Amino acid sequence: MEHYRGKFGHINGSFWDGAIVTWDILLERQSDLNIDGDIIEIGVLKGKSATLLALHAADEETFVLVDPAMRNEATSAVASVHPTNNVVIKEFSQNIRHHPALKPKGFRWIHIDGEHSGPAVVNDLEIAAKLLTPRGIICLDDFFTPAYPQITAATFAFLADNPQLTLFLVGYNKGYICHSKSSADYLAFLRDNAAAKFAKRQFPVTLWKSAAPPDLNCFGVTPKVQNTVMKGPDWAPNEIPI
C-alpha cells in the first residue's frame with residue numbers, strides 16, 4: 001500500500017483512502033490463502049484503482065482492462081508495475097461477453113466501475129458472475145452512494161435472482177460480493193482479523209455487523225466511531241453474528 005501511495009497517489013480519481021486500505025487488506029488476504037486467478041477492471045479512467053490491482057497481481061496473472069475511452073496514461077501506469085499479461089479492451093462492457101480473454105470462472109478480483117445506469121450494472125454483474133472463481137471477489141463502485149441509487153437497487157435485485165452470490169462487505173462507496181459458499185470464510189476473517197489489519201495501516205475504522213445472518217449477513221466499515229472497533233446488533237452490541 002505504501003508503494004502504491006508513493007508511486008500512484010497523485011493520480012486523480014474517486015478512489016478514496018478507505019477503499020484503498022480495504023482493497024489492500026482483501027487482496028493481501030487472497031494472497032495469504034494462495035487464491036489465484038486473473039483480474040479485471042471495467043471502467044479504468046486514469047488508472048487510480050487499476051494500479052493498486054496491478055501491484056497485487058502476480059506476474060503470471062492476466063490483468064484485463066476494459067474502457068471504451070482507454071487512456072495511455074492508465075495503461076502505461078499499469079505496465080510500469082505489471083509489464084506482462086495485460087489485456088486492453090477498448091469497448092463498452094455490454095459488448096465484451098465473448099472476448100477470448102474472459103475465461104469463465106477464471107477471475108479472482110472483478111472491479112465494476114463502468115456505466116452507472118441500472119441496466120449497465122446488471123450487465124456487468126451478469127458478466128462477473130460467470131467469470132468469478134470460487135473464492136473470488138466482485139467489487140462494485142458507488143454502492144450506497146446517494147448520487148447513484150440505481151446501482152444499489154440494481155445490485156439487490158440481481159442478488160435476489162442469483163442466490164449463489166452474496167454481499168459480504170460494504171464501505172467507502174464500495175460493495176463486495178462473493179460466492180455464497182465462500183462467504184463464511186470472508187465473514188470470519190472480517191470478524192477476527194480485519195480490525196487489526198486496518199490498525200496496522202494506521203486507518204482507524206469501526207466494523208459493523210448490525211443484523212443477524214437471516215436478515216443480511218454483511219459487514220459495514222466506516223470511519224471509527226468514538227472508541228468502537230466492532231459493533232454488533234443494537235440489541236446485542238458485543239455479539240458479532242455470522
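The rules behind these values
Residues numbered from 1 in each chain as written. Predicted model: local features only at pLDDT ≥ 70, side-chain atom pairs only at ≥ 80, totals over all residues. Heavy atoms only, no water. Helix = DSSP H or I, 4+ residues; strand = E, 2+ residues; numbered from the N terminus. Contact = heavy atoms within 4.5 Å. Core = buried A, V, L, I, M, F, W, Y, C linked by side-chain atoms within 4.5 Å. Buried < 20%, exposed > 50% of the residue type's maximum accessible area, 1.4 Å probe, protein only. Expected span 1.5 Å × (residues − 1). Pairing = 2+ DSSP bridges. Axes fitted to C-alpha atoms, helices over the stretch in contact; angles between N-to-C directions.

Student: So what's going on with the environment of L26? Residues and values would help.
Tutor: By the secondary structure assignment, L26 is in helix α2 (residues 17-32). Ignoring sequence-local partners within four residues, the contact set of L26 consists of W109, I137, F168, L169, Y176 and F189.

Student: Could you give an account of the nonpolar core, with specific residues and numbers?
Tutor: Counting 46 residues, the largest nonpolar core has W23, W109, F168 and Y176 as its most contacted members. At 7 residues, α2 tops the list of elements feeding residues into this core. In this structure, I42, A129, I138 and L165 belong to the second largest nonpolar core, which totals 30 residues.

Student: Can you tell me about α2, naming the residues and giving the values?
Tutor: If you check α2, its first and last C-alpha atoms are 22 Å apart, about what 16 residues at 1.5 Å a residue would give, namely 22 Å. Within the span of α2, buried status applies to G18, A19, I20, V21, T22, W23, D24, I25, L26, L27 and Q30. Following α2 by one or two positions, N34 adopts a phi angle in the positive range, close to 55 degrees.

Student: So what about the sheet that holds strand β7 (residues 174-179)? Which residues, and what values?
Tutor: The strand order β3-β2-β1-β4-β5-β7-β6-β9-β8-β10 describes an open sheet built from 10 strands, whose pairing is mixed. Across the chains shown, the open sheet's two edge strands, defined by having one partner strand only, are β3 (86-89) and β10 (230-231). Docked against the sheet, α2 engages β1 (38-42), β4 (107-112), β5 (132-141), β6 (165-171) and β7, running at close to 165 degrees with respect to β4.

In short, the description is geometric, and any link to function would need to be established separately.
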